Amino acid sequence: MKSSARVVVIGGGVVGASVLYHLTKGGWTDVVLLERKQLTAGSTWHAAGGMHTLNGDPNVARLQQYTVNLYKEIEKESGQNCSIHLPGGLQLADTPARLDWLRMAQARGRYLGMHMEMISMKEAKELNPLLEEKYFVGALYDEDEGSVDPYGVTHAYAICARNRGAEVYTDTWVTDLHHRPDGTWTVITDKGEIHAEHVVNAGGLWAREVGRMCGLELPVLAMEHHYLMTEPMDEVIEYNAKTGRELPHLIDFAGEIYARQEGQSILLGTYEQENRPWSTRETPWDFVFQLLPHDLERIAPELERGFAHFPAVGRAGIKKFVNGPFTFSPDGNPLVGPIKGMPGMWSACAVMAGLSQGGGVGLSLANWMIHGDPGADIWGMDVARYGDYATLEYTNSKVRENYSRRFRITFPNEELLAGRPLHTTPIYDRLLEHNAVMGAGFGLEHPLWFQDKGKEPVEEVTFYRSNAFTNVGEESRAVRERVGFSEASNFAKYKVSGEGSAKWLSSLFTNSLPKIGRTALTAMLNPDGKIVGEFSVSRIGDEEFFLFGSQAAEVHHPRWFIAHLPKDSQIRFETLALSMLGLTVAGPKSRDVLQKLTATSLATSDFPFMSFRRVNIGHAPVWLSRMTYTGDLGYEIWVAPEYQRYLFDLIWEAGREFDMRLFGFRALITMRLEKNFGTWYREYRPIYTPLEAGMERSLKFDHEFIGRSAVETEMKTGPARKLVMFQVDVDPSAPADVIGDEPVWHEGKVVGWITSGGYAHYSGVSLALGYIPAELAKDGTTGFEIEIIGQRRPAKLQPEPVLDPSGSRMRA
Ligand SMILES: Cc1cc2nc3c(=O)[nH]c(=O)nc-3n(C[C@H](O)[C@H](O)[C@H](O)COP(=O)(O)OP(=O)(O)OC[C@H]3O[C@@H](n4cnc5c(N)ncnc54)[C@H](O)[C@@H]3O)c2cc1C
């Protein structure tokens, strides 16, 4: 065995083999894969081999599409048969809501270049006569669905990688990992040690255990999963003979069943409600090419439905049952990427659909390792989307919830309940007393909107306008006309201090740093000039700053900051998390409310827009910021947790005379639309540039910053696409606003996509933000349509914010 290698990949399942393949394809050939037994010995060998492109996250869907298309290439290159079958697939809707969901998936597929078609049940029956039409109302046909042989695929990846110089050591068990002081790794195995610059955890069923070798507790859990295989069926044989084709795959959402042809039989699997995690604390190391005892009683309700929906399968003899474990993250998407604060450690695990996703995971990770960037927007599977709150127990409850919802619709306004409430702030019970409907993000409960007194604080889930509509409207109007009050703790807050802080931040941020006592908005770019962060930066000393950003990125952004800290510097970067909490008071009367409570003059001449200063409110010392995301006169108040409850009561009392109203996150995100304010992970993502995103005001060329030369180059040609606001003419008979990811049509062609939108209550219009080609983004271009739930709705460009384009309200 080699004693050193640039990369050691731990795990010879389909994912580890794909990572190895993509590293060699990208030119890194001093790479080694270590497999404790034989290739595929974990969950890969017993996978059903099904693959499809459909995923709730369009970026993950794109990578699934890449994976499906890769198999022919590796089969040819390796000479290893991968047994590729591409008969297409049918997703069967049993309700109008599911049909809407499929229409939305189809619409998303349009700008991803996918070939999907909505078809009638008559057409579906012709394509797959095994189904019983009466249980369904319509179907989506996707031609990129099929199956492969997991053994063949894993070996094909490995052969291609070996041919380019990679080495694969089987029967080699990694027992420990040591991080050396120089940042490199010693990989300890039962066959000796390897010194490596990079280590990839592709440990599959043992990813948790591999993580623990370097002190990580990854949010991964294995679940038991059943499928059955029938005896050869006459119906299948006849169909093949008659049509010369294989039967297309079936996904039956109502039955929670998937089914496909395997030889002359049908393979039918289920995501049962009565699901069971496997090895919740530790995966046994002696589990090799093994299955679990099957438990037919547990899957009986789903099988019964499946047999009713596909009667011929119910009549067929069963050749075998398979019950095997495979891993999930809390939201069911993979955990990919570099580990924060652990240079050289990479994750490629929790891949629940290795045959659909393995190629995309390998490609993104290899790109990230070789080029410093995954090459695609992979936030949906970034390991950094979870924080410390994702413990073993949290993961257990979320994975079980996710497994049982595999074939259920999650509506855009739906808040899932498992693992909640977890993090709460001191005013949590106050908000509940005010009948808040709560949501959760990054483990923290936050108010979405406030239900009327005496009514149950529950939001009905829908693709259309929900029962929150009226109340969110009232909350928005209260802010715009009088004054609104809310919690603002669900932002990420960081503190940067120590000698060199200003110089360092300046090298990362596109905007000039603010003066002491002021706030500036800035972008943060990668060397290619793409947006990797967007922050408010408040300066409280020469070398002392607060940064405010997206809470969802509370691990993601620190990973970038920490990786860019100068060596041996005095700079301290702290994630403040819930040690700093927020309240916000917004609206024309907000100053009057707060002025009652502080001796500091809040007059604009003394405390102008974008000020950030230490003041006392009542007895509480706070950091007071004169800005809000609503776009009105307003304030954010940042405090230590012990003051938050006191301040809530104090401000609530002071607001009574102004008829102050509580507002939630739903009102906030629609109010920001009226001001054309973008938001992280929607409008601002690592696939867009600041010129595309309209962040010119945050670009200052008075300093050097990462990505500057890329921006300057782009300035010469102009951006290829632009972020624009549309006013949408929604269907008055069933009003539905955009939710994001809808295609934008122009003159019969899909030219862009929507990033976010909603109803702007105060202005009384439905708005949508999205990216379109720059040449179409010119004022005066007409003829746009946005496809909302299967309907192309007229949309017109809205070049200026619908509310207060000059910004006079904020500055008042
Ligand atoms: C019944 C069933 C049906 C399925 N059907 C499908 C399907 O139709 N389509 C689909 O896409 N997916 C399916 N899956 C899921 C699929 O099996 C997984 O997504 C896939 O196998 C994950 O691959 P992996 O490489 O991440 O993990 P694994 O296959 O578990 O590979 C991890 C490897 O790492 C090795 N390893 C771990 N720790 C160490 C160590 N310390 N030292 C050395 N080696 C180590 C293990 O021995 C193992 O070989 C199914 C799963 C089950 C259980």
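As a starting point, this report considers the structure included with it. (Residues numbered from 1 in each chain as written. Predicted model: local features only at pLDDT ≥ 70, side-chain atom pairs only at ≥ 80, totals over all residues. Heavy atoms only, no water.)

1. Side note on the overall build of the chain
Part 1 of the argument: For the chain, the count of helices and strands is 20 helices and 38 strands.
Part 2 of the argument: If you line up the chain on its principal axes, its C-alpha atoms span 80 × 65 × 55 Å.
Part 3 of the argument: A burial count over the chain gives 61% of its 812 residues as buried.
Part 4 of the argument: Within the chain, contacts between residues at least 6 apart in sequence are counted, and of these 72% link residues at least 24 apart.
Part 5 of the argument: Computing the positive centroid from 83 side-chain charges and the negative centroid from 102, the chain places the two 4 Å apart. (Helix = DSSP H or I, 4+ residues; strand = E, 2+ residues; numbered from the N terminus. Buried < 20%, exposed > 50% of the residue type's maximum accessible area, 1.4 Å probe, protein only. Contact = heavy atoms within 4.5 Å. Lys, Arg positive; Asp, Glu negative; His and termini not counted. Charge placed at Lys NZ, Arg CZ, Asp CG, Glu CD.)

2. Structural notes on the layout of surface pockets
Part 1 of the argument: Here the second largest pocket is characterised by a volume of approximately 1,200 Å³.
Part 2 of the argument: For the lining of the second largest pocket, the secondary structure elements donating two or more residues are strand E11 (192-201), strand E19 (345-349), helix H10 (354-371) and helix H15 (556-563). (1 Å grid on protein atoms, 1.4 Å probe; cavity = no way out; pocket = protein on both sides within 12 Å on 5 of 7 lines; lining within 4 Å. Points joined across faces, edges and corners; volume = space filled by probe spheres on them.)

3. Here we look at empty space enclosed by the protein
Part 1 of the argument: If you walk through the whole model with that rule in mind, you get 3 cavities of 30 Å³ or more.
Part 2 of the argument: As a volume, the second largest cavity reaches approximately 130 Å³.
Part 3 of the argument: In terms of lining, the second largest cavity is formed by 16 residues, of which the most central are Ser486, Glu487, Ala488, Thr584 and Leu668.
Part 4 of the argument: For the lining of the second largest cavity, the elements supplying multiple residues, two or more each, are strand E21 (444-450), strand E22 (484-487) and helix H18 (665-674).
Part 5 of the argument: Looking at the lining of the second largest cavity residue by residue, the classes come out as 7 nonpolar, 7 polar and 2 charged. (Nonpolar A, V, L, I, M, F, W, Y, C, P; charged D, E, K, R; others polar.)

4. A few points about the sheet that holds strand E33 (residues 721-728)
Part 1 of the argument: Pairing is antiparallel in the closed barrel, where 6 strands are placed in the order E33-E36-E35-E34-E37-E38. Averaged over all pairs of adjacent strands, the angle between their axes in this sheet comes to 45°, without regard to strand direction.
Part 2 of the argument: In this structure, strand E34 (residues 743-746) lies alongside strand E35 (residues 749-760), joined through 4 bridges in antiparallel fashion. For His746, the partnering residue across the bridge sits in E35 and is Lys749.
Part 3 of the argument: Contacting E34, E35 and strand E37 (784-788), helix H3 (residues 96-112) runs over the sheet at an angle of about 65° to E34. (Pairing = 2+ DSSP bridges. Axes fitted to C-alpha atoms, helices over the stretch in contact; angles between N-to-C directions.)

5. Looking at the packing of aromatic side chains
Part 1 of the argument: In total, this model carries 40 aromatic pairs according to the counting rule given.
Part 2 of the argument: Aromatic side chains Trp45 and Phe289 sit 6.0 Å apart centroid to centroid with 70° between the ring planes, which places their arrangement in the edge-to-face category. Of this pair, Trp45 sits in the loop between strand E2 (31-34) and strand E3 (50-51) while Phe289 sits in the loop between strand E16 (277-278) and helix H8 (296-309); the two residues are 244 residues apart in sequence, bridging distant segments of the chain.
Part 3 of the argument: For Trp45, a relative accessible area of 30% translates into the label partly exposed.
Part 4 of the argument: Aromatic pair Tyr271 and Tyr403: ring centres 4.8 Å apart, planes at 50°, arrangement tilted. (Phe/Tyr/Trp six-rings, centres within 6.5 Å; stacked < 30°, edge-to-face > 60°.)

6. What to know about the packing of helix H2 (residues 58-78) against H10
Part 1 of the argument: Look at H2 against H10: their axes get within 7 Å of each other, and the N-to-C directions meet at 100°. Accordingly, the angle class assigned to the pair H2 and H10 is roughly perpendicular. Taking contact as the criterion, the partners of Val60, Leu63, Gln64, Tyr66, Thr67, Leu70 and Tyr71 in H2 are, on H10, Gly354, Leu355, Ser356, Gln357, Gly358, Gly359, Gly360, Leu363 and Ser364.
Part 2 of the argument: Classifying every residue of the contact of H2 with H10 by side-chain character gives 7 nonpolar, 9 polar and no charged. (Parallel < 35°, antiparallel > 145°, perpendicular 65-115°, else oblique.)

7. Section: helix H19 (residues 708-717)
Part 1 of the argument: All buried positions along H19 are accounted for by Arg708, Val711 and Glu714. Burial along H19 is one-sided: seen end-on, the buried residues are contained in an arc of 125°. Residues of H19 that are exposed and angled more than 90 degrees away from the buried face: Ser709, Lys716 and Thr717.
Part 2 of the argument: Each element contacted by the buried residues of H19 is listed here: strand E24 (519-525).
Part 3 of the argument: Once H19 ends, the next one or two residues include Gly718, with phi positive near 90°. (Arc of directions from axis to C-beta.)

8. Thoughts on the site of the ligand
Part 1 of the argument: The local shell around the ligand holds 40 residues, among which Glu35, Thr44, Gly50, Val351 and Gly354 are the closest.
Part 2 of the argument: Here an oxygen atom of the ligand and a side-chain polar atom of Glu35 are 2.7 Å apart.
Part 3 of the argument: Gly50 is positioned such that a nitrogen or oxygen atom in its backbone is 2.8 Å from a nitrogen atom of the ligand.
Part 4 of the argument: Those elements that provide at least two residues to the shell around the ligand are helix H1 (14-25), strand E12 (221-230), strand E17 (318-328) and H10.
Part 5 of the argument: Here the shell around the ligand is composed, by residue class, of 22 nonpolar, 16 polar and 2 charged. (Near = heavy atom within 4 Å. Polar contact = N/O pair within 3.5 Å; in protein donor to acceptor, adjacent residues only side chain to side chain.)

9. Remarks on the environment of Thr280
Part 1 of the argument: Counting through the fold element by element, Thr280 comes out in the loop between E16 and H8.
Part 2 of the argument: Distance from Thr280 to Asn396, taken between C-alpha atoms, is 7.5 Å for residues 116 residues apart in sequence.
Part 3 of the argument: Leaving out residues up to four positions away in the same chain, Thr280 has contacts with Arg208, Leu221, Leu392 and Asn396.

10. Observations concerning the nonpolar core
Part 1 of the argument: Ranked by internal contacts, the top residues of the largest apolar core, which has 76 residues, are Phe726, Ile772 and Ile786.
Part 2 of the argument: The element best represented in this core is H3, accounting for 7 residues.
Part 3 of the argument: Aside from chain neighbours lying at most four places away, what touches Ile772 is Arg721, Lys722, Val724, Phe726, Val744, Val751, Gly752, Ala777, Phe784 and Leu797.
Part 4 of the argument: Counting 43 residues, the second-largest nonpolar core is a separate cluster that includes Leu20, Tyr21, Val351 and Ala366. (Core = buried A, V, L, I, M, F, W, Y, C linked by side-chain atoms within 4.5 Å.)

11. Focus on H1
Part 1 of the argument: With 12 residues, H1 should reach 16 Å at 1.5 Å per residue; the first-to-last C-alpha distance of 16 Å fits that figure.
Part 2 of the argument: Summarising burial for H1: 11 of the 12 residues are buried, a large majority.
Part 3 of the argument: Listed in full, the buried residues belonging to H1 are Val14, Val15, Gly16, Ala17, Ser18, Val19, Leu20, Tyr21, His22, Leu23 and Thr24.
Part 4 of the argument: Positive backbone phi, at 105°, marks Gly27, one or two positions downstream of H1. (Expected span 1.5 Å × (residues − 1).)

12. Here we look at the pairing of strand E10 (residues 185-189)
Part 1 of the argument: Most of E10 sits out of view: 5 of its 5 residues are buried.
Part 2 of the argument: Across the two faces of E10 the burial is the same, with Trp185, Val187 and Thr189 and Thr186 and Ile188 all buried.
Part 3 of the argument: The turn linking strand E9 (residues 174-179) back onto E10 is made up of 5 residues, and Gly183 within it adopts a positive phi angle of 95°.
Part 4 of the argument: With 5 bridges joining them, E10 and E11 adopt antiparallel strand pairing. Along E11, the bridge assignment pairs Thr189 with Gly192.
Part 5 of the argument: Linking two consecutive strands that pair antiparallel, namely E10 and E11, is a turn of 2 residues.

13. Side note on the packing of H2 against H3
Part 1 of the argument: Contact geometry for H2 and H3: axes closest at 11 Å, N-to-C directions at 65°. H2 and H3 meet at a crossing whose hand is right-handed. Residues Pro58, Ala61, Arg62 and Gln65 of H2 lie in contact with H3, whose contacting residues are Arg108, Tyr111 and Leu112.
Part 2 of the argument: Across the contact of H2 with H3, the residue classes tally to 4 nonpolar, 1 polar and 2 charged. (Left-handed = near helix turned anticlockwise from the far one by under 90°.)

14. Digging into the environment of Glu145
Part 1 of the argument: Structurally, the position occupied by Glu145 is in the loop between strand E6 (138-142) and strand E7 (146-147).
Part 2 of the argument: Beyond its immediate stretch of four places on either side in the chain, Glu145 contacts Met51, His52, His85, Leu86, Pro87, Gly88, Gly89, Gln91 and His249.
Part 3 of the argument: Polar side-chain contacts of Glu145 include one of 2.8 Å to the side chain of Gln91.

15. Brief notes about the environment of Gly664
Part 1 of the argument: Here Gly664 shows up in the loop between strand E32 (661-662) and H18.
Part 2 of the argument: Residues Gly664 and Asp171, 493 residues apart in the sequence, show an inter-C-alpha distance of 56 Å.
Part 3 of the argument: Not counting the four nearest positions on each side in its chain, Gly664 is found in contact with Pro447, Leu448, Trp449, Phe450, Glu475 and Ser486.

16. Let's talk about the side chain of His556
Part 1 of the argument: Assignment of secondary structure puts His556 in helix H15.
Part 2 of the argument: Engagement of the side chain of His556 in a polar contact is seen with the side chain of Tyr681, the distance being 3.5 Å.
Part 3 of the argument: Discounting residues that sit within four places of it in the chain, His556 has contacts with Trp379, Asp382, Ala384, Val532, Trp680 and Tyr681.

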